[in-house]
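# Structural description and commentary
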Amino acid sequence: MNETPPAKGFAPVSARLGAKGEATGKIGVLLVNLGTPEGTDYWSVRRYLKEFLSDRRVIETNRVLWWVILNGIVLTIRPSKSGAKYRSVWNEALDESPLRTITRAQSEKVAAALEARSDVVVDWAMRYGNPSIASRIEALGAQGCDRLLVFPLYPQYAASTTASVNDKVFDVLKAMRCQPALRTVPAYPADPVYIAALAHSITSHLAGLDWEPEAILASYHGLPKSYVEKGDPYFTQCALTTERLAEALGPLGAKLRYTFQSRFGRAEWLQPYTDKTVEALARDGVKRIAILTPGFAADCLETLEEIAEENKEIFLAHGGENFTYIPCLNDSDGGIRVLLHVIERELKGWV
């Protein structure tokens, strides 16, 4: 009698059970960041923007109206402008965006730290672009993973980020005959290990300067105000992160305040706006500022170009003298410590 072939996706039971029937399946840990275009040319950026801006979690405008705006205006004009910005921060050596370089490095370092656990397999994906979530879930399944921990790399929860990652994972699983057991990592805006890593990154960075900032801005990615009014906890979590970080910094924390960057469209977004705050500080006579971006697990276009370049120009153009950008935790020792801490916490009961 011919055997029924195993369903595509996760390993068949025979591959996951020992001689006595005990479970021997592996656990997949999937780190997921936002996404990146494959190149800086018009069509690469256009494909990326189309996928990103077609997500209903990201743009909640009337679908018919948004389709006209997106295809008639945004995808005609914005790819060239965004491509030029990407070129200013592009990793030329690897011909890829910094976000891809750093996310890969994070995955590799987490995997190296967990290599003693032979039942844990670590991989990474992008919500938009490549490597896709679907392709990496399939790859983890092919390696015998029957349990999956999905880690959206966003310390603060927003429906347009964390929920969008989870939606995509659920969509992939819905098409599978043999699904893995699933866990998703919750937001960690006040986690002590995360806060300590941020505080250390600030103090160590400032220690390398020959000047002291008069103000420190914690700039978070913006969100339309209407999303928060509908119940999104993002604003509250950003404020909480800033509050706990100020406490961890001691006297230096008195200089810390939060702002929001990366507005898009004409709707009102969360305030205070980063660029407007930077300009106002300079106009008011503040000569030295530092900015960090606690909501980003890895440096990307929004941090390296928008903050480190654009906002620096704004500050200097309006009377500021010293500006410094404090990098994301990235794949630093502190950054990897945060990722491992969260992963090990969420794997309890599985390992």
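Residues numbered from 1 in each chain as written. Predicted model: local features only at pLDDT ≥ 70, side-chain atom pairs only at ≥ 80, totals over all residues. Heavy atoms only, no water.

Across the interface, helix H4 (residues 98–113) lies against helix H13 (residues 333–346) with an axial gap of 10 Å and an inter-helix angle of 60°. Regarding the angle of H4 to H13, the classification is oblique. H13 is crossed by H4, and the crossing has right-handed handedness. Contacts between H4 and H13 involve Gln-106, Lys-109, Val-110 and Ala-113 from the first element and Ile-336, Leu-339, Leu-340 and Ile-343 from the second. (Axes fitted to C-alpha atoms, helices over the stretch in contact; angles between N-to-C directions. Helix = DSSP H or I, 4+ residues; strand = E, 2+ residues; numbered from the N terminus. Parallel < 35°, antiparallel > 145°, perpendicular 65-115°, else oblique. Left-handed = near helix turned anticlockwise from the far one by under 90°. Contact = heavy atoms within 4.5 Å.)

A few words on the environment of Gln-156. Position of Gln-156 relative to the elements: it lies in the loop between strand S3 (145–152) and helix H6 (159–174). C-alpha of Gln-156 to C-alpha of Ala-239: the two residues are 83 residues apart in sequence and 9.9 Å apart in space. A distance of 2.9 Å separates a polar atom in the side chain of Gln-156 from a polar atom in the side chain of Thr-241. (Polar contact = N/O pair within 3.5 Å; in protein donor to acceptor, adjacent residues only side chain to side chain.)

Moving on, we get to the sheet that holds S3. One open sheet holds the four strands; their spatial order is S2-S1-S3-S4, and the pairing between them is parallel. Single-partner strands in this sheet number two, and they are strand S2 (120–128) and strand S4 (181–184). Each strand of the sheet is rotated relative to its neighbour by a mean of 25°, with strand direction disregarded. (Pairing = 2+ DSSP bridges.)

Strand order across the open sheet formed by four strands is S6-S5-S7-S8, with parallel pairing between neighbours. Both outer strands of the open sheet, strand S6 (256–261) and strand S8 (322–326), are each paired with one neighbouring strand and no more. For this sheet, the mean angle separating the axes of adjacent strands, direction not counted, is 25°. Looking at chain direction, strand S5 (residues 215–221) and S6 are connected through six bridges and run parallel. Bridge pairing in S6 links Ala-218 to Tyr-258. The strands touched by helix H7 (residues 192–207) within the sheet are S5, strand S7 (288–292) and S8, with S8 carrying the most contacts at an inclination of about 140°. Sitting on the sheet, helix H9 (residues 234–249) is in contact with S5, S6 and S7, with an inclination near 150° to S6.

Take the confidence of the model for the protein next. Caution applies to low-pLDDT parts of the model: their predicted coordinates are not meant to be read in detail. Averaged over the protein, the pLDDT score is 94; the fraction of residues at 70 or greater is 93%. When the criterion is pLDDT under 50, residues 1–7 qualifies, and its contacts beyond four places in sequence or with other chains add up to three contacts. Note that pLDDT drops below 50 for residues 13–24; the model gives that stretch 13 contacts with residues more than four away or on any other chain. (pLDDT = per-residue confidence, 0-100.)

Turning our eyes to something else, we now look at the nonpolar core. In terms of nonpolar packing, the biggest core is built from 66 residues, with Phe-151, Ile-289 and Ile-343 touching the most fellow members. The element that contributes the greatest number of residues to this core is H7, accounting for seven residues. Sequence-distant contacts of Ile-289, that is, excluding residues within four places in its chain, are made with Trp-211, Pro-213, Ala-215, Val-278, Leu-281, Phe-315, Asn-322, Phe-323 and Thr-324. Phe-52, Val-58, Val-74 and Val-89 belong to the second largest nonpolar core, which has 33 residues in total. (Core = buried A, V, L, I, M, F, W, Y, C linked by side-chain atoms within 4.5 Å. Buried < 20%, exposed > 50% of the residue type's maximum accessible area, 1.4 Å probe, protein only.)

Within this structure, the stated rule accounts for one cavity of 30 Å³ or more. Its volume calculated, the largest cavity comes out at about 120 Å³. Around the largest cavity, the lining comprises 19 residues; the ones closest to its centre are Tyr-194, Leu-198, Phe-296, Ala-297 and Leu-329. Listed by contribution, the elements that provide at least two residues to the lining of the largest cavity are H7 and H13. (1 Å grid on protein atoms, 1.4 Å probe; cavity = no way out; pocket = protein on both sides within 12 Å on 5 of 7 lines; lining within 4 Å. Points joined across faces, edges and corners; volume = space filled by probe spheres on them.)

Let's shift gears to the packing of aromatic side chains. Overall, the coordinates contain 13 aromatic pairs when judged by the stated rule. Taking 5.3 Å as the distance between ring centres and 80° as the angle between the ring planes, the aromatic pair formed by Tyr-188 and Tyr-194 counts as edge-to-face. Classification of Tyr-188 as buried rests on a relative accessible area of 4%. Taking relative accessible area as the criterion, Tyr-194 reaches 2% and is therefore assigned buried. Here the aromatic residues Tyr-220, Tyr-234, Phe-235, Tyr-258 and Phe-260 are joined through ring pairs into a cluster of three or more. Its end group placed over the ring of Trp-350, Arg-147 keeps NZ or CZ at 6.0 Å from the ring centre. Across the ring face of Trp-350, the terminal group of Arg-183 is positioned such that the distance to the ring centre comes to 4.1 Å. (Phe/Tyr/Trp six-rings, centres within 6.5 Å; stacked < 30°, edge-to-face > 60°. Lys NZ or Arg CZ within 6 Å of the ring centre and 35° of its normal.)

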